[in-house]
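# What the coordinates show
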Amino acid sequence: MNHFAKLSLWIVRIGLFLTLAMPLLVFKSTVFPYLVGRVVIFQIIIEIIFPFFLYLVLRHPEYRPKFNIVFYALSAYFLALFASAIFGVDWLRSFWGYRDRMDGLFTMLHFYVFFLMLASIIKERREWFWYFNAALIPGLIAIFDNFSIAVKAMLSAGYFFLPREGGLFGNVLFYAAFVILEIFVALFLWFSAEKRWQKIIYGFCAGLFTLAVGASLTRGAILGLAAAVFLAAGVWGLSGNRRRKIFTALILLAAILSVSIIFSLRNASVVKDNSVLSRITSISTESDTGETRVIGWRAAASGFLERPVLGWGYINFYVPFNKYYNPKLLGHSVNETWFDRAHNIVFEHLATTGALGLLAYLFFLGAVIFYSLRSKETGKKILAIGIAAYFFQNLFSIDNFAVYLLFYILVAFIAHDKSEKERPAPKSIPAGSPPDVRRGGGFLIFLALAASLWSIYEINWKTFALGRKELSAASAGDIKISAELYRDALSIKTPYTAEAKMAFIKSIAAGIQRGSFNDAESKILLETAKEVLDASTARRAKNSAHDYFLFGRLYSELGRYDRSYFDQAEAAFARALELSPGRQQIYFGWAREKAMRGEIEEAKKVFQKAIDLAPEVADMHWYVGVEYNNLGLPEAINEFIAAYNLGYSPKTMGEAKLMMDALIARKEFAKIPKIYELMISWDPKNASLYAELAALYLKLGEKEKARAAAVRAMELDESFEAEGKIFLKMIDSFR
């Protein structure tokens, strides 16, 4: 091996070790601080070391990937993903993905190369031992970071509780999924360690990670870990004699009975007062989270039945979800009804990659698990169980970058399988090889180097720069400066610029609707949005009901200044409804546009259509009531009352007062104390609220409650004392 080959080998090794630091990177100077920066840097690292890896592969066959069942299964899976994307409905979305996920085929190709490098370059068990040790560090740092957050929260609250914090991951689901895999890395090292002090350290780490999963209160992760324990017990029992099998069966039976008892006692204080047990026993398809998941899975199943072979295209779940959107979802979550994932790995693959993609994925995971279980090493069997736990928790969650990173590390180690007997490594290609071999290899390396340099700047650096400039524009205090900064940011050409433009449009439309801007500021921002919106952005939106919905909102607001935009708004809303006919938000936006036109009766008809999609959804009645109230229509009272009766709970003081006014107008005074109690929970030291509540209770004839409220008002504010004493005398004389 010549000096350049040795240098190349060290460059690749250093790069592979540097990737382990990615889960720790947080860039608060850019949008999506827990994701964009770390993915960009990971991709840059892979792109820097890839030409050196390619040189080693071409000149030194001992560094070529080992072709085994794991390699073939993973390659087949990636081919299935590409096939689904090519024949899907949105190739660009499949290839680049969403910026808030960063898991398009472009990023996944980097993981594929990452896998090849790990499996080919890290050959000796000693190297893998140090690599796995380094892989534990991000998990330990993440745990201690979350622990410090939890301690601060508990000290501030003054009592013990488990806050669900994502810490360095920004989302507790991603944190828990990452820590699950760290458990099995630590256990593998425990079984591989030869010295007692090493086993103590790795055992402590495994225990710490396990406690962290439980403390996260993430049900999917906890269930995944429980499934792993059951599987481990099963593998251990089946590999032993008859006595071990009987013992294992008894242990599993006892565990099943224990779980059954816990669920049967879910309403008992011993379970309800335990954060972990109460969280687990709250699992139900009738809960808010459970029902929203089921709605998403049903949409995925409907999408699969329409395109059963290759699906709608990798990560194009948003298309079938919108098409088969269930209006009942609005009753569970107003702000999170635009699903881009099925939150179930099986349904996700069925909808997006079809039967072919799902089979390829299951074959890949099965190959990894089989390849591990056939090993004589207990540590590798433990990794197989870890992969199974990863799969099981993904039945209730979604993947993310940091989890992918650790997952592909485990897969690469399993694929390498150094414990198995290998054929002698082929010799390196000598310097005097035939010219066509050397020349062809040099050309490939040149192409790889050119592609890497282009991608580093045009894709990665510009994506990061776009995010930084967006954040600077959003945080600028002056609207004119902000608009200019947005123009500058959105002029950067990246695969995610169209997505950034839609985010800008969304923020403008939402801000105007909330009344965050005055008329002059609104006009500046709308003009800016109109300038940055181009034909390429519209083409990217061709399958997105959400984007057309945003177009409709933008054109509606522009219609205030130029009525010709109202027609464009109508066209945008109509297209959005073609893509998602069951969505109340689209009807709602369309009705607002008609009201802006001055077509009040037409607006009322469209508002009613939005309500009729799911009359039992309280939120829709409330928002229609707010619009009617803004228009000065008496029908507002009917909608506010309907929302109250369906269980709508005001979220601000302003909403609470609107609700009370409606109840007063209907003379439904008995329902008003509930609103006051809610307002007091927001502002418990507001003496005026207690005084008003006291007067209301007296009006309702509830003298003791009136007395208690009046006394509390006097305690909070001495200025109420004189008036309060008179009021207390009135209570005594009141009949």
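It should be emphasised that the depicted structure is a prediction, and the values quoted were computed from it without experimental measurement.

As a further point, take the overall build of the chain. Counting its secondary structure elements, the chain contains 33 helices and 0 strands. A globule of 735 residues ought to have a C-alpha radius of gyration of about 27 Å, and the chain, at 30 Å, matches this closely. Across its three principal directions, the C-alpha atoms of the chain cover 105 × 70 × 50 Å. Of all 735 residues assigned to the chain, the portion counted as buried reaches 52%.

Here Arg-514 shows up in helix α20 (residues 497-514). Classification of Arg-514 by relative accessible area gives exposed; the value is 62%. In this structure the side chain of Arg-514 is engaged in a polar contact, spanning 3.5 Å, whose partner is the side chain of Ser-516.

A separate point is the packing of helix α21 (residues 519-532) against helix α23 (residues 545-558). Two numbers describe how α21 lies on α23: the axes approach to 10 Å, and their chain directions differ by 130°. Here α21 lies oblique to α23, going by the angle between them. In this structure, α21 meets α23 at a crossing whose hand is left-handed. Contacts between α21 and α23 involve Leu-526, Ala-529 and Lys-530 from the first element and Leu-554, Glu-557 and Leu-558 from the second. Here the residues of the contact of α21 with α23 sort into 4 nonpolar, no polar and 2 charged.

Time to look at the side chain of Ser-8. Tracing the backbone shows Ser-8 in helix α1 (residues 3-18). Since its relative accessible area comes to 0%, Ser-8 is described here as buried. Apart from the residues within four sequence positions on either side, Ser-8 is in contact with Phe-52, Tyr-55 and Leu-56.

Once that is clear, we can look at the confidence of the model for the chain. Summing up the model confidence of the chain, the mean pLDDT is 88 and the portion of residues at 70 or higher is 93%. Confidence drops under pLDDT 50 across residues 418-424; counting only partners more than four residues distant or on other chains, this segment forms 12 contacts.

Counting residues in each nonpolar core, the largest one holds 118 residues, and the members touching the most others are Leu-16, Phe-114, Phe-115, Phe-132, Tyr-408 and Ile-409. Setting aside chain neighbours within four positions, we find Ile-409 in contact with Leu-20, Phe-114, Leu-118, Trp-128, Tyr-131 and Phe-132. Core analysis: the next-biggest nonpolar cluster, separate from the first, contains 96 residues, Ala-500, Leu-558, Trp-622 and Ala-687 among them.

Applying the stated criterion across every chain, the model contains 30 salt bridges. Among the salt bridges present, the one from Glu-601 reaches Lys-604, with a minimum N-O distance of 3.6 Å. Here Glu-601 pairs with Lys-604, and both are found in helix α26 (residues 600-612), just 3 residues apart, close to one helical turn. For Glu-601, a relative accessible area of 51% translates into the label exposed. Here Glu-702 makes a salt bridge to Lys-705, at a shortest N to O gap of 3.2 Å. Under the relative-accessibility criterion, Glu-702 is labelled partly exposed at 32%. What you see here is one network of salt bridges that share partners, running through Asp-567, Glu-570, Glu-593, Lys-594, Arg-597 and Glu-599.

A word on helix α33 (residues 721-733). Every α-helix carries 3.6 residues per turn, so stepping three or four residues along brings you back to the same face. Compared with an ideal rise of 1.5 Å per residue, which puts 13 residues at 18 Å, α33 spans 19 Å between its outermost C-alpha atoms and is within 8% of the ideal. Every buried residue of α33 is accounted for by Gly-724, Phe-727, Leu-728 and Ile-731. Viewed along the axis of α33, the buried residues span an arc of 105°, placing them on a single side of the element. Along α33, exposed side chains directed more than 90 degrees from the buried face belong to Ala-722, Glu-723, Ile-726, Lys-729, Asp-732 and Ser-733. Turning to α33, the residues buried within the fold contact α31 (687-700) and α32 (703-716).

Negative phi is the rule for most residues except glycine; trans is the rule for most peptide bonds. At Leu-217, a residue that is not glycine, the phi angle is positive and equals roughly 55°. Within the secondary structure, Leu-217 sits in the loop between α8 (196-215) and α9 (219-238). For Leu-217, a relative accessible area of 8% gives the class buried. Phi at Ile-315 takes a positive value of approximately 55°, unusual for a residue other than glycine.

Per the stated rule, a full pass over the model turns up 3 cavities of 30 Å³ or more. As a volume, the largest cavity reaches approximately 280 Å³. Forming the walls of the largest cavity are 25 residues, and the residues nearest its centre are Ile-345, Glu-348, His-349, Asp-399 and Tyr-404. Looking at the lining of the largest cavity, the elements that each hand over two or more residues are α3 (69-86), α15 (345-373) and α17 (401-416).

The next subject is the environment of Pro-327. Along the chain, the position of Pro-327 falls in the loop between α14 (318-323) and α15. For Pro-327, a relative accessible area of 14% gives the class buried. Note: C-alpha distance between Pro-327 and Thr-337 (10 residues apart in sequence) is 9.4 Å. If sequence neighbours within four positions are ignored, Pro-327 has contacts with Gly-582, Gln-584, Leu-613, Ala-614 and Val-617.

Moving on to the packing of aromatic side chains. Ring pairs (aromatic) are described by centroid distance and by the angle formed between their planes. Inspection of the entire model under this criterion finds 56 aromatic pairs. Centre to centre, the rings of Phe-111 and Phe-401 are 5.6 Å apart; their planes meet at 45°, and the pair counts as tilted. Here the residue Phe-111 occupies a position in helix α5 (residues 105-121), and Phe-401 occupies one in helix α17, the gap between them amounting to 290 residues. Owing to a relative accessible area of 2%, Phe-401 belongs among the buried residues under this scheme. Considering the side-chain rings of Phe-364 and Phe-407, the 6.0 Å spacing of their centres and the 90° angle between planes classify their relative orientation as edge-to-face. One end of the pair, Phe-364, is in helix α15; the other, Phe-407, is in helix α17, with 43 residues separating them in the sequence. Each member of the pair, Phe-364 together with Phe-407, is buried.

Rules used throughout
Residues numbered from 1 in each chain as written. Predicted model: local features only at pLDDT ≥ 70, side-chain atom pairs only at ≥ 80, totals over all residues. Heavy atoms only, no water. Helix = DSSP H or I, 4+ residues; strand = E, 2+ residues; numbered from the N terminus. Rg over C-alpha atoms; globule rule 2.2 N^0.38 Å. Buried < 20%, exposed > 50% of the residue type's maximum accessible area, 1.4 Å probe, protein only. Polar contact = N/O pair within 3.5 Å; in protein donor to acceptor, adjacent residues only side chain to side chain. Axes fitted to C-alpha atoms, helices over the stretch in contact; angles between N-to-C directions. Parallel < 35°, antiparallel > 145°, perpendicular 65-115°, else oblique. Left-handed = near helix turned anticlockwise from the far one by under 90°. Contact = heavy atoms within 4.5 Å. Nonpolar A, V, L, I, M, F, W, Y, C, P; charged D, E, K, R; others polar. pLDDT = per-residue confidence, 0-100. Core = buried A, V, L, I, M, F, W, Y, C linked by side-chain atoms within 4.5 Å. Salt bridge = Lys/Arg side-chain N within 4 Å of Asp/Glu carboxyl O. Expected span 1.5 Å × (residues − 1). Arc of directions from axis to C-beta. 1 Å grid on protein atoms, 1.4 Å probe; cavity = no way out; pocket = protein on both sides within 12 Å on 5 of 7 lines; lining within 4 Å. Points joined across faces, edges and corners; volume = space filled by probe spheres on them. Phe/Tyr/Trp six-rings, centres within 6.5 Å; stacked < 30°, edge-to-face > 60°.

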